[in-house]
Amino acid sequence: MPRSNIKTSKSKTLRLATYNINGIRSRTERLLDWLEREQPDVVCLQELKAEDSAFPALKLRQAGYYAIWHGQRSWNGVAILARDAQPIELRRGLPGFADPHSRYLEAAAHGIIVACLYLPNGNPITGPKFSYKLDWFARLNAHAANLYTSEHPVVLAGDFNVVPTDFDIYDPKSWRRDALLQPQTRECFRQLLAQGWLDALRALHPDERIYTFWDYFREHWPRNAGLRIDHLLLNRTVAPRLQAAGVDSWVRGEPGASDHAPTWIELADAVPELEKGSSKKSAPKQSALKRAAPKKQPTARARATGKR
DNA sequence: ATGCCGAGCATCGCTCGA
């Protein structure tokens, strides 16, 4: 499927995606299929569930992607891939935090600083896992405050394990006691956005039901009973370049799929420094947002049959 | 309140995810 079908601009763009792959060893072929079809420039992966030595670096390299990764046996694990360029690692783990889990990688790739994060799930809410989630979130927000004001373009991308509002879930009733919907969890996310970060998918599609995760239970995928928990947040430097955003939900309908689908944004090429300073043509934020045409998610039937 | 599915491992039954 050529990407030009969904492009909204003739100018060159950069596509960044985040994808909770739920076990990279059992899903390497699925990953390669998606990369070949969608050709993202930068990819954040979560839940590798594999040690560093089991990361399929050679197969990815043969597909044109260089990578850095922080694996872990059984659980967690994050990676950043870049097409035709080696990501430059900037950080492994949040600052000042000896986290026993592999949940955070930060790198420069294709002129963007990308933070790939896998925020703790936090269930059950009556115990140490929920405390760990809130603690992790607070440390992320402290670090994000510095990234937001950076002169460099920064994107926070990953599985945040937060359903930001009741509009981001098919039906909140059976999830009321889940860590993903707790008021404390949502307050952490609200505080993060209050730093100024732009929630790219919601900004471009304010009135659209968008899901990035459909669990394996109760026919949730065929019924399109999903949650929006994978997010791409843009700092003030990069936000004016946002052109499009969406979910590759077709991936969720493939045999042996992860319970998440890849979620992506497209950014306009950086405005050259000379033009940025001297020209009034530099697009303000609002017009950059309006440029992007809303992209509908396919119907449940279309997804179930693999068509768009 | 629990299981429903799926990956992974202390692999013929459990933990964890969300």
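Scroll up to find the structure this text is about.
All chains use their own residue numbering, which begins from 1 and follows the written sequence. A letter from A marks each chain and a number from 1 marks each ligand, given out in the order of writing. Restriction of local features to residues with pLDDT of at least 70 applies here, the model being predicted, together with a cutoff of 80 or more for giving and counting side-chain atom pairs; totals for whole chains, interfaces and linings are based on all residues. Hydrogens and water are ignored here; the side-chain numbers use all heavy atoms of the structure.

A.B. asks: Please provide a residue-by-residue account of the overall build of chain A, values included.
C.D. replies: In this text, helices come from DSSP runs of H or I with a minimum length of four residues, and strands from runs of E with a minimum of two, each type numbered from the N-terminal end. In terms of regular secondary structure, chain A is built from eight helices and twelve strands. For each residue, the accessible area found with a 1.4 Å probe, counting protein chains only, is set against the maximum for its type, and the residue is called buried under 20%, exposed over 50%, and partly exposed in between. The buried share of chain A, taken over its 308 residues, is 55%. The contacts of chain A with a sequence gap of at least 6 include a subset with a gap of at least 24, amounting to 71%. Accessible surface area values rest on a Shrake-Rupley calculation with a 1.4 Å probe, where residue burial reflects the displayed protein chains alone. Split by element, the accessible area of chain A, about 13,800 Å² in all, is 53% carbon and sulfur. Contact criterion: two residues are considered in contact whenever any of their non-hydrogen atoms come within 4.5 Å of each other.

A.B. asks: Summarise the side chain of threonine 28; cite the residues concerned and give the values.
C.D. replies: Relative to the assigned elements, threonine 28 resides in helix α1 (residues 28–38). In this structure threonine 28 comes out as buried when scored by relative accessible area, which is 9%.

A.B. asks: Run through the sheet that holds strand β8 (residues 154–159), naming residues and quoting values.
C.D. replies: One bridge is not enough; two strands pair if DSSP finds at least two bridges between them. Taken together, six strands build an open sheet; the order of strands is β5-β6-β7-β8-β10-β9 and the sheet is mixed. For this open sheet the edge positions go to β5 (88–92) and β9 (198–199), each flanked by a neighbour on one side alone. Bridge count for β9 against strand β10 (residues 230–234) is two bridges, and the pairing is antiparallel. Bridge pairing in β10 links leucine 198 to leucine 234. Sitting on the sheet, helix α4 (residues 183–194) touches β8, β9 and β10, and the angle it makes with β10 is about 25 degrees. Orientation is described by axes fitted as lines to C-alpha atoms, over the contacting stretch for helices, and by angles from 0 to 180 degrees between their N-to-C directions.

A.B. asks: Provide a residue-level description of the pattern of salt bridges, including the pertinent values.
C.D. replies: Salt bridge, as used here, is a side-chain nitrogen of Lys or Arg placed within 4 Å of a carboxyl oxygen of Asp or Glu. Tallying each qualifying case throughout the model produces 19 salt bridges. Among the salt bridges present, the one from glutamate 187 reaches arginine 190, with a minimum N-O distance of 2.8 Å. In this pair, glutamate 187 and arginine 190 both sit in helix α4, three residues apart, roughly one turn of the helix. Since its relative accessible area comes to 32%, glutamate 187 is described here as partly exposed. We classify arginine 190 as partly exposed; its relative accessible area is 47%. Here arginine 218 ties to aspartate 215 by a salt bridge, and the two come within 3.8 Å at their closest N and O atoms. Arginine 218 sits in the exposed class, given a relative accessible area of 56%. Among the residues examined, aspartate 215 registers a relative accessible area of 9% and is labelled buried. Here the salt bridges share partners, and the residues they tie into one network are Arg15, Arg37, Glu38 and Glu266.

A.B. asks: I'd like a rundown of empty space enclosed by the protein, residues and numbers included.
C.D. replies: Once rolled over the atoms, a probe with the size of a water molecule shows which space is left empty. Every definition here rests on a 1 Å grid over the protein atoms only: cavities are sets of points where a 1.4 Å probe fits but cannot get out, pockets are open sets enclosed by protein on both sides within 12 Å along at least five of seven lines, and lining residues have some atom within 4 Å of a point. Grid points are joined across faces, edges and corners, and a volume is the space filled by probe spheres set on the points. One pass over the full model with this rule turns up two cavities of 30 Å³ or more. For the second largest cavity, the calculated volume is near 40 Å³. Side-chain classes follow a simple rule in which Ala, Val, Leu, Ile, Met, Phe, Trp, Tyr, Cys and Pro form the nonpolar group, Asp, Glu, Lys and Arg form the charged group, and the remainder, Gly included, forms the polar group. For the lining of the second largest cavity, the class distribution of residues is three nonpolar, no polar and three charged.

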